[in-house]
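Summary of the model geometry
In case you want the letters, here they are:
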Amino acid sequence: MSLLGVLDEAVAVLKAPLDEHDRVQGWTDDLRREVQEEISINRSVLRRHGIGMVRHLRPRFDEWMEHEGVQPGRLRDLVGDVQRSLVEARAMA
């Protein structure tokens, strides 16, 4: 899947309401919204200015999840995929 495809998928999933498993893993509605907005901003930058802008993005979603105490699960895995994809794209840019 392309980088923008990964970002599109993450934004779509994070727009949906949290389920009970997500809440048990430490997600709140505010955190979900904030992470979704940050990913959406990154996606918009890349769409507007081109994929070469990826080298200017500094994804720190892993640190954010750790700081918030979010446990492993579907959303943390999704956010981890976003971070990995951005880091890989930066390395190739």
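Residues numbered from 1 in each chain as written. Predicted model: local features only at pLDDT ≥ 70, side-chain atom pairs only at ≥ 80, totals over all residues. Heavy atoms only, no water.

Taking 1.5 Å as the rise per residue, helix H3 (residues 29-49) with 21 residues should run 30 Å; its terminal C-alpha atoms sit 30 Å apart, in good agreement. Residues of H3 that are buried include every one of Leu-31, Arg-32, Val-35, Gln-36, Ile-39, Ser-40, Asn-42, Arg-43 and Leu-46, and no others. One face of H3 carries all of its buried residues, which in axial projection span an arc of 165 degrees. Projecting away from the buried face of H3 at angles above 90 degrees are the exposed residues Arg-48 and His-49. If you follow the buried residues of H3, they end up packed against helix H1 (3-15), helix H4 (61-68) and helix H5 (74-92). At the exit of H3 stands Gly-50, carrying a positive phi of roughly 100 degrees. (Helix = DSSP H or I, 4+ residues; strand = E, 2+ residues; numbered from the N terminus. Expected span 1.5 Å × (residues − 1). Buried < 20%, exposed > 50% of the residue type's maximum accessible area, 1.4 Å probe, protein only. Arc of directions from axis to C-beta. Contact = heavy atoms within 4.5 Å.)

If you look at the biggest cluster of nonpolar residues, it comprises 23 residues, and the most contacted ones within it are Leu-14, Trp-27, Val-35, Ile-39, Val-82 and Leu-86. Within the residue set of this core, elements represented by two or more residues are H1, H3, H4 and H5. Ignoring any residue separated from it by four or fewer positions in sequence, one finds Val-82 in contact with Val-6, Leu-7, Ala-10, Ile-39 and Phe-61. (Core = buried A, V, L, I, M, F, W, Y, C linked by side-chain atoms within 4.5 Å.)

Moving on to the environment of Met-53. Checked against the element boundaries, Met-53 lands in the loop between H3 and H4. Those residues in contact with Met-53, other than ones at most four positions away along the chain, are Val-45 and Leu-46.

A word on the pattern of salt bridges. In total, this model carries eight salt bridges according to the counting rule given. A salt bridge links Asp-8 to Arg-43; the shortest N-O distance between them is 3.1 Å. Placement of the pair is Asp-8 in helix H1 and Arg-43 in helix H3, with a sequence separation of 35 residues. For Asp-8, a relative accessible area of 27% gives the class partly exposed. With relative accessibility at 16%, the residue Arg-43 sits in the buried group. (Salt bridge = Lys/Arg side-chain N within 4 Å of Asp/Glu carboxyl O.)

Attention shifts here to the environment of Val-11. Relative to the helices and strands, Val-11 resides in helix H1. By relative accessible area, Val-11 is classed as buried at 2%. Residues Val-11 and Val-54, 43 residues apart in the sequence, show an inter-C-alpha distance of 17 Å. Excluding its chain neighbours within four sequence positions, the residues that come into contact with Val-11 are Gln-36, Ile-39, Ser-40 and Arg-43.

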